[in-house]
Amino acid sequence: MEKEELIVMLNKDMAEEHAAILRYLVHSYLEGEDTPLGASLLSRAREEMWHMHWLGMVVGNLGGEPNMTPAPYPFDPTNRASIFKSYVDYELKLVPHYMGEAERVDDPHIKRVLQREGWESEYHAKKFQRILDKLTPELAEGLPGEENELPEEFVARLQGLVESKYTEMLQHIRSSWVFQKEGMLGWQMMDFAMTKMKQLAHLAEEVAENGITPRFEASKLEKNDSVGAALKKGLEDVRAAREEHLKFQGESETQKHAGLLLSLDLALKQEEYEAAEIEDWTKES
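Quick look at the structure, then. On a predicted model such as this, the values are computed, not experimentally measured, just so you know. (Residues numbered from 1 in each chain as written. Predicted model: local features only at pLDDT ≥ 70, side-chain atom pairs only at ≥ 80, totals over all residues. Heavy atoms only, no water.)

1. Structural notes on the packing of helix 2 (residues 36–61) against helix 4 (residues 108–134)
Two numbers describe how helix 2 lies on helix 4: the axes approach to 11 Å, and their chain directions differ by 165 degrees. As summarised for this structure, helix 2 and helix 4 are arranged roughly antiparallel, according to the angle between their axes. Seen along the crossing, helix 2 lies across helix 4 with a hand that is left-handed. Classifying every residue of the contact of helix 2 with helix 4 by side-chain character gives eleven nonpolar, five polar and seven charged. (Axes fitted to C-alpha atoms, helices over the stretch in contact; angles between N-to-C directions. Helix = DSSP H or I, 4+ residues; strand = E, 2+ residues; numbered from the N terminus. Parallel < 35°, antiparallel > 145°, perpendicular 65-115°, else oblique. Left-handed = near helix turned anticlockwise from the far one by under 90°. Nonpolar A, V, L, I, M, F, W, Y, C, P; charged D, E, K, R; others polar.)

2. As for the packing of aromatic side chains
Inspection of the entire model under this criterion finds twelve aromatic pairs. Judged by centre distance (6.1 Å) and plane angle (50 degrees), the ring pair of F84 and F128 falls under tilted. Linking F84 in helix 3 (residues 80–104) with F128 in helix 4, this pair joins segments that are 44 residues apart in sequence. Taken as a pair, F84 and F128 share a single burial class, namely buried. Look at F192 and Y273: their rings are 6.1 Å apart centre to centre, the planes differ by 70 degrees, and that puts the pair in the edge-to-face class. Taken as a pair, F192 in helix 7 (residues 184–208) and Y273 in helix 9 (residues 258–284) lie far apart in primary sequence, 81 residues in all. Joined through ring pairs, the aromatic side chains of Y24, Y73, F84, Y87, Y90 and F128 make up one cluster. One residue, R23, lies across the ring of F75, its end atom 4.0 Å from the ring centre. (Phe/Tyr/Trp six-rings, centres within 6.5 Å; stacked < 30°, edge-to-face > 60°. Buried < 20%, exposed > 50% of the residue type's maximum accessible area, 1.4 Å probe, protein only. Lys NZ or Arg CZ within 6 Å of the ring centre and 35° of its normal.)

Take a look at the structure:
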């Protein structure tokens, strides 16, 4: 298989894994992370993050531009039973898909990555089937989420911050894959992306706990082809995020949410740290 064809194929796979991440994350937040269903879904979402990461590393190593746009995730939203049945079907279709791709690839590492994607997808299907089989009639017929009690303007502010943090996170992940050959710098960028995942979770959970689907919609990413440009973009983003979080922290409605304030306080400290680190990296690059 030619390199460009391989990159296109892997990027399509990345879009499928990205879709699974978002679907399972949103569902876990709606169920509540402290519930058995929510915890299980969150675990699957984290494993899907690894699936996307393995593919992104390969694409970046091949010199390709990683696809950071999720594919649609088809599911039947009628009730929990139909939702989990959709998850089983989605994961099962990936098993022969990945195994078939592995047979077409010559590179032994990429072949193993695709095979791993396949048998872990089979594992996910079995885990979802176990959940489906154990659902009580009441849970099976119901839907996740509670009635929203938050002011409309506050929800809109939260959703805006979710979109912004999601974009910032994807920008860092993209840079970590594209510049992985720069040694430790690529891993440091991924480290910051993982921090942003947690910051994103705190915001998205606040939305989902009130029965609203978090809006994981990214703005256009910058496809920088130099480390210097990527670092400059990262520094601009973290400074802008910190200013927005400081403003949000001081708003009257935010002051009513003690848990959110704790998360924001930590995020502000993390962003101050990140800005200082990126400034140093910029001097060294």
